[in-house]
Every structure is written in structure tokens, then in C-alpha cells.
Amino acid sequence: MRSVTLHRFEFRAMASVHELLLAAPDRALAESAARAAIADVERIEAKYSRYRDASVVSTINRAAGGAPVAIDAETAALLRYADACHRESSGRFDVTSGVLRRVWDFRRDPPRVPDARGIEALLPLVDWRGVEWNDHAIRLPRSGMEIDFGGIGKEYAADRAAAIAIAAGIAHGYVNLAGDVRVWGGRPGGAPWRVGIRHPRIEGETIGGIEIADGAVATSGDYERCFEVGGRRYCHILDATTGWPVQGWRSVSVSAPLCVVAGSGATVGMLLGDAAPAWLDAQGVDWLGVDAAGRIRKRAGPRTPSDSSPTH
């Protein structure tokens, strides 16, 4: 059997820098697989980004209040998953909540907490249950409504990149799309991959690590796209039922078979607050969370803080 070497590829998409580690007997095979995987990440961004005028998402949003928009099987599958996330989170995860960005600006300097009346005025547009959709078409019933796959799109892209690399003959691999990680085959030689869990308050440090041969790890936290006013932190993870940022957890990390499951599980965990541990345990996934007081809580699987290590 020919020996394999890890080949690293870095690329930019979805406004972030990403990494692939692909094990192959020669660079040519790794490069071919990387090109195919990266091309699909770029395809998904072009198809579903709300920032692309020609994307499916932009087309649907422009038609809000008007006629239905035809969709393909891939889009219908994402909508079905978004629907499941909505149910599991009791409505807190809602792909129509992107309209709240009109009042929440996490890049504004100086930061500003929006007026409660401004938030309340947008809540009628946050209404996944009111969306009319099936496997072939979708209609947003009110003008001004939007959908946004930001909560699951990058994770879906990580799973697709892994599937494409595997189909190209890569038996061991590591896909890291800005912290959303999908791995398979373990490291060449048999050791598992090690995925570090970022410290939610200290840049560049980890609070633990997860060893995993096949599967995914994703983290959702209150430390990116956030600001503090009056001693209170406001982060970009918004509860769709209230329009306000979550408060109960600093971060939640989940390990699951697929990245889209890990990512949505971490986000729903953040949204569920005190109910998160019971819900995460019921999902049968491994998880590690840092609560509002800085305490580490977890289910079986993640390593303790003393076992922290670099991402790979």
C-alpha cells in the first residue's frame, strides 16, 4: 500500500479563510480533490448568499409578498432542515429572522443598542410558520420578509466538501470552514483528529479539545460580532421569538456525525439557555458549553481543559 502525506490547502470564501487537510499518495490527487471541494463551497456561496443578487436567496427575498419562486431539490432539503431546527428550538431558530439585522448592527462604532420599539416593529416579518413552501416552490407572504441560510449554509458546505473529497479518493481528511470542522478516516497512521475548542473570552486559547476520527465539530458563541454597552454583552445570535440576543451561554460546542447537525445543535443550544443541556443530551450528541458564569459543562466526549491542544 502506498504511503500518504497530508497536503494543506487554504482558500477564502464566505468572507472567511478556510483550510483543507487531505491525505494522498501524491500532491496531484490532493490538488484535484481540493479544487473540486473548493469549487463546491464557492457554488454554495453563490447560490445561497444573501449578498449575491443572483442567488436563490436573493431571488426569493425580492419576491416577498408576491408570487411563489420555484426551487430545486437541494434548496427544498435545506428548507426542510430549517423547519426541523425551528421546531426543535420552539421557534427561536428561524431562517426568516435575518430582517432583524436592520436594527442590530454589530459592526457599528460606537455600538448602539436598538430601541425596543424598532425590534417589535420587525417581529411580524419573522414568521417561518407563515411561509408557504413545498418541495417545488416557496412564497414569503409579506413584503419585506427574508430568508437567510446563514445558520446552516457554511456547515452544509463543509459536509459537501468532505463528501466530494471522499468521492475523489481521499481516505483521510480535515475540512475547516472558519471553525466548522468535518473530518473522516482519522489521521494517516490511525490516530484521531484533534479539534480544539476556542476559549470564549481569551483570544488564541482553547478550553479543551475533542478527539474524533469521523464526524464534525462546530461551535456557536457570543464572542464574534458582538459589543458591550453598560456592562452587558450583545451578540449576533438573536432569539427569533424576542428579537434580542441570547444571554445564557458564552459558547456551546457540539460533536455530531455531520457538520450541519453539529452547527445547528450548537446554535440551538445557545438559544435554549437553561434548557440546552437536557435538549443536547436528548439529541445523543457530545457537547461542551461555557455558561454565563464561565463554568464548563459537558456531556461525555470532549476533553477537559487540562487536555487542551492546538486544532490539529
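Scroll up to find the structure.
In this text, all values refer to a predicted model and were calculated from it rather than measured experimentally. (Residues numbered from 1 in each chain as written. Predicted model: local features only at pLDDT ≥ 70, side-chain atom pairs only at ≥ 80, totals over all residues. Heavy atoms only, no water.)

Trainee: Describe the overall build of the protein chain, and please don't skip the residues or the numbers.
Mentor: Counting its secondary structure elements, the protein chain contains seven helices and 15 strands. For 312 residues, the compact-globule estimate of 2.2 N^0.38 gives 20 Å, and the C-alpha radius of gyration of the protein chain, at 20 Å, lies within 12% of that figure. Seen through its principal axes, the protein chain has C-alpha atoms that stretch 65 × 45 × 40 Å. Looking at the 312 residues of the protein chain, the share that counts as buried comes to 49%. Put simply, of all contacts in the protein chain between residues at least 6 apart along the chain, 60% involve residues at least 24 apart. Total accessible area on the protein chain stands at roughly 14000 Å², and carbon and sulfur atoms take up 50% of it. Looking at charge distribution, the protein chain has the averaged site of its 38 positive side-chain charges lying 1 Å from that of its 38 negative ones. (Helix = DSSP H or I, 4+ residues; strand = E, 2+ residues; numbered from the N terminus. Rg over C-alpha atoms; globule rule 2.2 N^0.38 Å. Buried < 20%, exposed > 50% of the residue type's maximum accessible area, 1.4 Å probe, protein only. Contact = heavy atoms within 4.5 Å. Areas by Shrake-Rupley, 256 points an atom, 1.4 Å probe, with all protein chains shown as cover. Lys, Arg positive; Asp, Glu negative; His and termini not counted. Charge placed at Lys NZ, Arg CZ, Asp CG, Glu CD.)

Trainee: Before we move on, can you summarise the packing of aromatic side chains with the specific residues and values?
Mentor: Within the structure shown, the criterion is met by 10 aromatic pairs. Their ring planes at 35° and their centres at 5.9 Å tell us that Trp104 and Tyr234 sit as a pair that is tilted. Placement of Trp104 in the loop between helix H3 (73-88) and helix H4 (116-122) and of Tyr234 in strand E12 (residues 232-235) is noted, with a sequence separation of 130 residues between them. No difference in accessibility class separates Trp104 from Tyr234, as the two residues are buried. Residues Trp128 and Trp133 carry aromatic rings whose centres are separated by 5.6 Å and whose planes lie at 40° to one another, so their mutual orientation is tilted. Accessibility expressed as a relative area gives 3% for Trp128, which makes it buried. Among the aromatic residues, those joined into a ring-pair cluster are Trp104, Phe106, Phe227, Tyr234 and Trp244. (Phe/Tyr/Trp six-rings, centres within 6.5 Å; stacked < 30°, edge-to-face > 60°.)

Trainee: Residue-level account of the sheet that holds strand E1 (residues 5-13), with values.
Mentor: Across the sheet, eight strands lie side by side as E1-E2-E6-E7-E10-E13-E14-E15; this open sheet has antiparallel pairing. This sheet does not close on itself; its edge strands, each paired only once, are E1 and strand E15 (296-298). If you compare each strand with its neighbour and ignore which way they point, the axes differ by 10° on average. Note: strand E6 (residues 173-177) against strand E7 (residues 180-184), five bridges, orientation antiparallel. The partner of Leu177 across the bridge, within E7, is Asp180. Across the face of the sheet, helix H1 (residues 27-48) comes into contact with E1, strand E2 (16-24) and E6 while running at roughly 25° to E1. (Pairing = 2+ DSSP bridges. Axes fitted to C-alpha atoms, helices over the stretch in contact; angles between N-to-C directions.)

Trainee: Give a detailed account of unusual backbone geometry, specifying residues and quantitative values.
Mentor: Most peptide bonds take the trans configuration, and most residues that are not glycine carry a negative phi. In this structure, Pro110 follows Asp109 across a cis peptide bond, with omega equal to 5°. Positionally, Pro110 belongs in the loop between H3 and H4. Look at Met14: it is not a glycine, yet its phi comes out positive at around 50°. For Met14, the position within the fold is in the loop between E1 and E2. Met14 gets classed as buried once you look at its relative accessible area, which sits at 19%. Positive phi values are uncommon outside glycine, yet Ser90 reaches one of about 55°. Tracing the sequence through the fold places Ser90 in the loop between H3 and H4. What makes Ser90 exposed here is its relative accessible area of 53%.

Trainee: Tell me what's going on with the packing of helix H6 (residues 259-272) against helix H7 (residues 276-283), and back it up with residues and numbers.
Mentor: Remark: H6 packs on H7, axes separated minimally by 8 Å, with the N-to-C direction vectors making an angle of 150°. Overall, the two elements H6 and H7 adopt an arrangement that is roughly antiparallel. Listed contacts from H7 to Gly265, Val268, Gly269 and Leu272 of H6 are Ala276, Trp279 and Leu280. Classifying every residue of the contact of H6 with H7 gives five nonpolar, two polar and no charged. (Parallel < 35°, antiparallel > 145°, perpendicular 65-115°, else oblique. Nonpolar A, V, L, I, M, F, W, Y, C, P; charged D, E, K, R; others polar.)

Trainee: Break down the nonpolar core for me, with residues and values.
Mentor: Of all hydrophobic cores here, the largest spans 80 residues; its most connected members are Leu20, Leu22, Trp104 and Val254. If near-sequence neighbours (up to four positions away) are discounted, Leu22 is found in contact with Thr5, Leu6, His7, Phe9, Ala30, Ala33, Ala34, Ala165, Ile170, His172, Gly173 and Trp184. Residues Tyr174, Val183, Val195 and Leu288 belong to the second largest nonpolar core, which totals 13 residues. (Core = buried A, V, L, I, M, F, W, Y, C linked by side-chain atoms within 4.5 Å.)

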